[in-house]
Amino acid sequence: MSYCQSYLRPAIGSVIVLCLVSIFTVFTSNGFIRDSKIRPMSAHLTSSRNEGGENIGWQNVLAQDNINSNYDYTQEKNLNKVNIVQKKGQTSIFSDEITPQSRVVFNRVGKCGSRTVLGLIKQLSKKNGFTLAASEINNETHIRLKDQVELVNIISAIEPPFIFQRHFHYIDFTKFGGIEPVYINIIRDPVDRFTSQYYFKRFGDETHTSFYKGTDLNMTINECVLSNHEECLDKKLFYITPFFCGQHEQCRSPIQWSLNKAINNFDEKFLLVGFIEELEDTLKMLELLLPNMFKGATKIYHKPATAVKISRTRTTHKVPPTEEVRAILQQRMQYEYEFYNYAKKRFNNLKHEMNII
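Per-chain numbering applies: the sequence of each chain, read as written, is numbered from 1 onward. For this predicted model, a pLDDT threshold of at least 70 governs which residues receive local features, and a threshold of 80 or more governs which side-chain atom pairs are given and counted, while totals over whole chains, interfaces and linings are taken from all residues. As a convention, hydrogens and water are excluded, and side-chain values are obtained from all of the structure's heavy atoms.

Caption draft 1: Looking closely at unusual backbone geometry. A cis geometry characterises the amide bond from Pro160 onward to Pro161, with omega recorded as 0°. The phi torsion at Lys111 lies on the positive side, around 60°, for a residue other than glycine. Numbering of helices and strands starts at the N terminus; helices are DSSP runs of H or I of at least 4 residues and strands are runs of E of at least 2. Its location among the elements puts Lys111 in the loop between β2 (103–106) and α4 (114–128). Here Lys111 falls in the buried class, since its relative accessible area comes to 17%. A positive phi angle, near 65°, is found at Asn355, a position not held by glycine. Structurally, the position occupied by Asn355 is in the segment after α16 (334–353). Residue classification places Asn355 among the exposed residues on the basis of a relative accessible area of 65%. Under the scheme applied here, a residue whose accessible area is under 20% of the maximum for its type counts as buried, over 50% as exposed, and between as partly exposed, the area being computed with a 1.4 Å probe on protein chains only.

In structure tokens:
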């Protein structure tokens, strides 16, 4: 090897190293790595904390939620597509101060008038100047851990003030290091809700066509209950409570544990749970609790155009259950009614405190 070659070889190597360092610096300084909005799942899970504030780690989060740690979550489809239905405008009545009430999540229970309420919220978002963010996913209420983390990230990244809506069981944002929002919801009598869902699946309404693929399309709810068809048995009837219990595997089972968990979350995490049977009073309470968002809600509700829209969302071909069948369903829905009655009592107490008559 010549003197020139022995001199140049280490110099060339140094230049290559300097080039690689420079490229990495450019990427990180431009935010490609450092400022990624969606952090790796492991970053959130290792920083997860329990109710006592202790770091509980990824494996413990999995264990708490009965999740298989060997499952390949990279194969899961993306369940968290979110659209900004209405972006806040220049006419916002919000001050510059961002309060906890500036981040609202409406994890809406199916067949409880939520489409009617969403129509009102969409008009209010234009009028009062806040963002309405809507998920494209409507049929995934129990969410895989990976998608819980991603959903928390997405919602936490939305610029407040906003209302985010989607059908999903309660998620504890603080568990994944997210910004905790205020939850709201609306429910209804469990038998009435189930009856509406039963016929909606078969016949739809004026705005949605039927998506039922079964062979018993014309079976009435009375025939379903009296024949002990699987569609009308206990576990299929347990629907409302899991929206408040959460994502734990046991939350989908009609047991005392899930009821207790739902009541605990109801008390601690939900600003208001209203009732479709008392929608006007629910809107009045929201006007008082979230005035910057719901100011003018009852006025919009009483518009003739709103009544027309509501009528178009009523389920068609609905045959109400007989008194005998209603009694059987109420018995099968024991935990649903315990939660419903608890929520109704709290609603009436709050209404009284607010002087809403």
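Caption draft 2: View of the packing of aromatic side chains. Classification of ring pairs uses Phe, Tyr and Trp, with its six-membered ring standing for Trp, and accepts pairs whose centres are within 6.5 Å; under 30 degrees between planes counts as stacked, over 60 as edge-to-face, and the remaining range as tilted. By the definition in use, this model includes 17 aromatic pairs. Ring geometry for Phe244 and Phe339: centres 4.7 Å apart, planes at 35°, overall tilted. Of the two residues, Phe244 sits in helix α9 (residues 242–245) while Phe339 sits in helix α16, which places them 95 residues apart along the sequence. When sorted by exposure, Phe244 lands in the same class as Phe339, which is buried. The interplanar angle of 90° and the centroid separation of 5.8 Å between the aromatic rings of Phe266 and Phe339 together place this pair among those described as edge-to-face. Taken together, the residues Phe266 in helix α10 (residues 256–269) and Phe339 in helix α16 connect sequence positions 73 residues apart. Through a chain of ring-to-ring contacts, the aromatic side chains of Phe164, Phe168, Tyr170, Phe173, Tyr183, Phe244, Phe266, Phe270, Phe339 and Tyr342 assemble into a single cluster.

Caption draft 3: Spotlight on the packing of helix α6 (residues 190–203) against helix α15 (residues 323–332). For every element, the axis is a line fit to its C-alpha atoms; helices are fit only across the contacting stretch, and the angle between N-to-C directions ranges from 0 to 180 degrees. Where α6 contacts α15, the axes come no closer than 10 Å and their chain directions differ by 110°. Classified by the angle their axes make, α6 and α15 are roughly perpendicular. Where α6 abuts α15, its residues Val191, Asp192 and Phe194 lie against Arg326, Leu329 and Gln330. When residue character is reported, Ala, Val, Leu, Ile, Met, Phe, Trp, Tyr, Cys and Pro are called nonpolar, Asp, Glu, Lys and Arg charged, and the others, Gly included, polar. Looking at the contact of α6 with α15 residue by residue, the class counts come to three nonpolar, one polar and two charged. Any angle that is under 35 degrees is reported as roughly parallel, and any over 145 degrees as roughly antiparallel; angles of 65 to 115 degrees are reported as roughly perpendicular and all others as oblique. Pairs of residues are marked as contacts when any of their non-hydrogen atoms sit within 4.5 Å.

Caption draft 4: Quick look at the confidence of the model for the chain. On average, the chain scores 79 in pLDDT, and the residues at 70 or more come to 69%. Here pLDDT means the predictor's own confidence in every residue, given as a number from 0 to 100. Taken as a whole, residues 20–79 scores under 50 in pLDDT and shows 78 contacts with residues more than four places along the chain or in a different chain.

Caption draft 5: Molecular detail of the nonpolar core. Ranked by size, the top nonpolar core spans 76 residues in total, and within it Ile121, Ile163, Phe164, Ile187, Phe244, Phe294 and Phe339 carry the most contacts. Looking at this core element by element, the count peaks at six residues for α16. Beyond its immediate sequence surroundings of up to four residues, Ile187 is in contact with Val109, Cys112, Ile240, Phe244, Val273, Gly274, Phe275, Ile276, Glu277, Phe339, Tyr340 and Ala343. In this text, buried Ala, Val, Leu, Ile, Met, Phe, Trp, Tyr and Cys residues form a nonpolar core when linked through side-chain atoms within 4.5 Å.

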